[in-house]
Amino acid sequence: VEASIPEPQRAAWQKFSAEPFNTKEQFEQEAVRHIETTLARSLYNCDEGAAYGGTALAFRDRMVIDWNRTQQNQTFADQKRVYYLSLEFLMGRALDNAMLNVQQKDSAKAGLADLGFRMEDIINQERDAALGNGGLGRLAACFLDSLASLNYPAWGYGLRYRYGIFKQEIIDGYQVEIPDYWLDFNPWEFPRHDVTVDIQFFGNVRKYVDDSGKQVSVWENGEIVQAVAYDVPIPGYATPTTNNLRLWSSKAASGEFDFQKFNSGEYESSVADQQRAETISAVLYPNDNLERGKELRLKQQYFWCAASLFDIVRRFKKSKKAWKEFPNAVAIQLNDTHPTLAIPELQRILIDQEGLEWDEAWSIVQKTFGYTNHTVLPEALEKWSVPLFQHLLPRHLQIIYDINLHFLQYVERNFPKDREMLGRVSIIEESQPKMVRMAYLALIGSHKVNGVAELHSDLIKTTIFKDFVKIYGPDKFTNVTNGITPRRWLHQANPRLSELIASKLGGYDFLKDLTLLHKLENYVDDKAFRKEFQEIKFANKVRLAKHIKDTNGVSVNPAALFDIQVKRIHEYKRQQLNIFGVIHRYLTIKSMSPEERKKLAPRVSIFGGKAAPGYWMAKTIIHLVNAVGAVVNNDKDVGDLLKCVFVEDYNVSKAEIIVPASDISEHISTAGTEASGTSNMKFVLNGGLIIGTCDGANIEITREIGEENIFLFGNLSEDVEDLRHAHFYSKFEFDPQLQRVFDAIKEGRFGDAGQFSALVNGIVEHGDYYLVSDDFKSYIDTHTLIDEAYKDQESWVSKCITSVARMGFFSSDRCIDEYAEMIWNVEPLSPTKKAKGV
Ligand code: 7GP
């Protein structure tokens, strides 16, 4: 390809080809040019918004140069690529990350100062790209950062939602949802109006026998919607590798707009078709760990899978390789079951369109896919009704039935004595109506299945996928413990701590190899280091206190112990346990004499997180937190000893302020329910300790940092079943301290008790599924230990520093290397600088 371009053309091109800026002056020149010409502003009306726009566009240009080169480099190199299919990418802000990754933050800071702006204010102008709910979506974003930073040839594929996760406002203590229309100004995406795919829905399947006597199936007479690609450059840290995130947007297919109606004056109905098509990519479903079987959601899934696979197959076919080479060129990772339709879709392409035999096609499919499971909660396991499938995707349903037939025949041959097994493992659940079990389809269609922390990976083998371990053997199952990118979650969120670490480790290499942090253990007893470490934590707490003052109006004392729980609100994550603990603390303070109170350690309990709009119990928890805050924060007896605040609209950019400011953070899910958790890793990496249950990655964090550096409490996952059983079969006595908390709520001390009765009754009368009563005592006892430990600041700081030093394992770079080796079989591609213009 390179040789085919004539020399004079090449020379002209090379002469004018863009070069990335590298100095403050070059940055200013670029930013001012964009402000004046792209944004049509001037010196006289350049506000912070315009300065953000100019800065973002300057960095965008710089990234695009590397991005183009990376894509060409990857095409020429022609080695195996990874495609990460995720319905969620919770990216947060892009500018700060771009400046950091291309290592030009200092130029920009100095340049902006020349132009009269403070870097921080400019960064704060950006809206979060909030195309995700919680852990699963943020993990995908960390993975993109690591894939690029480690130079893997990789693409992300997702949906370009017009509305990301809703914005949360708290009004009179209640959550109110506001739509997040985030695309007003988004300099980070490139519409590719020339990259489109027609996607079919509905219709019927026609079968016939062709001239050679072969059965052929044709899916026809459907409705067509067009997918348009929007590309987002993903810069790696300290490398020119810049990967691509391709997000699909839906549009009415050309020719679908009804001009007949339009011309006869029925304007509204003529636009309806178009609007219906655009609805597909309009909104992110706001549920975390919950599936609700809505038709539009299935449409989203197919739309995105079909467009992505068409794109991947189109790229493969350009290489002119034989089909059996497909798994050597392509690895596709399924982020949970949401993209499972990619499996029957690839099988359909291979047999219906490319004419392969079933077995040959199926072997290609299985070698191509890997499936990551993120939850064992039954309410989150996807099932789609067969009638809905039949209506929307008739050919795919047939293929799924055929996959199931082949699979069940295999099971029958190998387990002839276990007839019951067939019903248990069938992809089709024989319910009314019948349902397609997506997790089984994902597992059967993949060569590897992984959980996201050791305990979770063990649990899936003994619970939801038990039979499949017998069928396929244990080697199909593996573990890849989650991780986080240290670029965003250390350097960007906590620049002073990062700088302190760099000063001791002799540079920023730890941002590329986080295990280098272990050298910090040499400084645990270094006086000056400890002092600065403490000062940084304090400054981060002051920064959060200011945010709380500005947004909630509550003054909190930065010298108090900051106790933080921020994550999606969910009964299994047990924010209710936390707020009951806060009430307990409040009642204890109230019952004390002024002398006794003087001995107490002041606390600030900080909550944050969104509730799914239809999750009434989660909304009740938010309401209770705010109701308790309203009482506690205004009680003169309490003063600084206890404050309780709910931080509105928790998102990625707020996490960057909140995470570095914790003394203690809470990761207190019922044992066996939190697959991994990733904020636990972020908090410890930023020098905070954690209180947690023996669940998810807490267990591995304990192993790494040492059990003397973490506050574990509560029942173990192996005992959960018996405890639940006991709630129904033996009348259980409540801990009197929990009873006192319930009495206070019932007396109306936090407002009308009726509003919180479901929360209390769920525990007292309805079986306490999440074991709040079983864990309450050890929870509050552990908080007492924390109070004591915090008073001994010297040993506390030692714990914090030691923990940071031992967190190297939890980099998402380590995860990506594990996926690459164990699941994808892909190698990094050296980003050798190509000559200009090539
Ligand atoms: C989450 C898990 O709840 C969390 O423990 C884990 O750290 C994270 O995935 C990343 O692996 N799951 C979800 O966010 C989710 O919605 C249902 O899972 C599909």
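Rules used in this analysis
- What you see as residue numbers is a count from 1 along each chain, following the sequence as written.
- Per-residue local features are limited, in this predicted model, to residues with pLDDT of at least 70; the limit for side-chain atom pairs, both in listing and counting, is 80 or more; totals at the level of whole chains, interfaces and linings are taken over all residues.
- Two strands pair under a simple rule: DSSP has to find at least two bridges between them.
- Secondary structure elements are taken from DSSP: a helix is a run of H or I of four residues or more, a strand is a run of E of two residues or more, and numbering for both begins at the N terminus.
- Interaxial angles span 0 to 180 degrees and are taken between N-to-C directions of axes, which are lines fitted to C-alpha atoms, for helices over the stretch in contact.
- This entry defines residue contacts through backbone-placed C-beta atoms, with two residues in contact when those atoms are within 7 Å.
- Only the C-beta atom matters for nearness: placed from the backbone, it must lie within 6 Å of the molecule or strand for the residue to count as near.
- An automatic or database domain assignment supplies the residue ranges for each domain.
- Helix span is expected to be 1.5 Å times the residue number reduced by one.
- Exposed residues have 12 or fewer other C-beta atoms within 10 Å of their own C-beta, buried residues have 20 or more, and residues in between are partly exposed; the C-beta atoms are placed from the backbone.
- Only buried residues count toward a nonpolar core: Ala, Val, Leu, Ile, Met, Phe, Trp, Tyr and Cys, linked into one set through C-beta atoms within 7 Å.
- Three classes are used: nonpolar for Ala, Val, Leu, Ile, Met, Phe, Trp, Tyr, Cys and Pro, charged for Asp, Glu, Lys and Arg, and polar for all others, with Gly counted as polar.

Q: Before we move on, could you go through the sheet that holds strand β16 (residues 435–437) and cite the residues and values that matter?
A: Picture the strands of a sheet paired through backbone hydrogen bonds; they go either parallel or antiparallel. Read from one edge of the open sheet, three strands run β14-β16-β15, paired in antiparallel fashion. Edge strands, defined here as strands with exactly one partner in the open sheet, are β14 (383–385) and β15 (428–429). Pairing geometry for β14 and β16, over three bridges, is antiparallel. Bridging across to β16, Ser385 finds its partner in Met435.

Q: Any chance you could break down the sheet that holds strand β1 (residues 81–85) for me, citing the residues and the numbers?
A: Strand order across the open sheet formed by nine strands is β7-β10-β11-β4-β1-β12-β13-β17-β18, with mixed pairing between neighbours. The open sheet is flanked by β7 (190–201) and β18 (477–479), the only strands paired with a single partner. Taking each pair of neighbouring strands and ignoring which way they run, the sheet shows an average axis angle of 25 degrees. Sheet topology note: the strand β4 (residues 154–159)/strand β11 (residues 242–252) ladder contains five bridges and is parallel. Looking across to β11, one finds that Trp155 is bridged to Asn244. Across the face of the sheet, helix α10 (residues 295–318) comes into contact with β1, β4, β7, β10 (223–235), β11 and β12 (330–335) while running at roughly 115 degrees to β7. Along the sheet, helix α18 (residues 454–462) contacts β17 (448–451) and β18; its crossing angle with β18, the most-contacted strand, is approximately 165 degrees.

Q: I'd like a rundown of the site of the ligand, residues and numbers included.
A: Lining the immediate environment of the ligand, one finds 19 residues, of which Gly135, Leu136, His374, Ala675 and Ser676 sit closest. A domain-level breakdown of the shell around the ligand finds at least three residues from each of domain 1 (17–481) and domain 2 (492–810).

Q: An account of helix α33 (residues 793–805) is needed here, citing residue identities and associated values.
A: Because an α-helix completes one turn every 3.6 residues, residues spaced three or four positions apart along the sequence face the same direction. The terminal C-alpha atoms of α33 lie 18 Å apart, and with 13 residues this matches the ideal 18 Å at 1.5 Å per residue to within 8%. Looking at α33, one finds that the buried residues are Cys800, Ile801, Ser803, Val804 and Ala805. Turning to α33, the residues buried within the fold contact α22 (527–552), α27 (679–685), β23 (689–692) and α28 (698–705).

Q: Describe the nonpolar core, naming the residues involved and giving the relevant values.
A: Core analysis: the largest hydrophobic core is formed by 223 residues, its most contacted members being Phe303 and Val628. Those residues in contact with Phe303 that lie beyond four places of it in its chain are Ile199, Val225, Ala227, Trp248, Ser250 and Ile280.

Q: Which residues make up the domain arrangement of the protein chain, and what values go with them?
A: You can read the domains of the protein chain as domain 1 (17–481) and domain 2 (492–810). One C-alpha centre belongs to domain 1, the other to domain 2; they are set 33 Å apart. Taken together, the contacts link 40 residues of domain 1 with 35 residues of domain 2. Every element with two or more residues in the side of domain 1 that touches domain 2 is listed here: β2 (89–92), α4 (95–101), α7 (135–149), β5 (167–171), β6 (174–178) and α18. Grouping the constituent residues of the side of domain 1 that touches domain 2 by class yields 16 nonpolar, 15 polar and nine charged.

Q: Pulling in residues and values, what's your account of the environment of Ile400?
A: Relative to the helices and strands, Ile400 resides in helix α15 (residues 394–414). C-beta crowding within 10 Å serves as the criterion here: with 26 such atoms nearby, Ile400 is assigned to the buried category. Sequence spacing of Ile400 and Asp719 is 319 residues, and the spatial spacing of their C-alpha atoms is 38 Å. Apart from the residues lying within four places of it in its own chain, the contact partners of Ile400 are Pro344, Ile427, Val436 and Leu441.

Q: Give a description of unusual backbone geometry that names residues and reports values.
A: For the bond running from Gln432 to Pro433, omega is -5 degrees, close enough to zero to count as cis. Positionally, Pro433 belongs in the loop between β15 and β16. Positioned with a positive phi, Ala40 is a non-glycine residue whose angle comes to about 55 degrees. With respect to the helices and strands, the residue Ala40 is situated in the loop between α2 (24–38) and α3 (48–77). Take Ala40: there are 9 C-beta atoms within 10 Å of it, and that puts it in the exposed class. Not every positive phi belongs to a glycine, and Asp336 is a case in point at roughly 65 degrees. Structurally, Asp336 is set in the loop between β12 and α12 (342–353).

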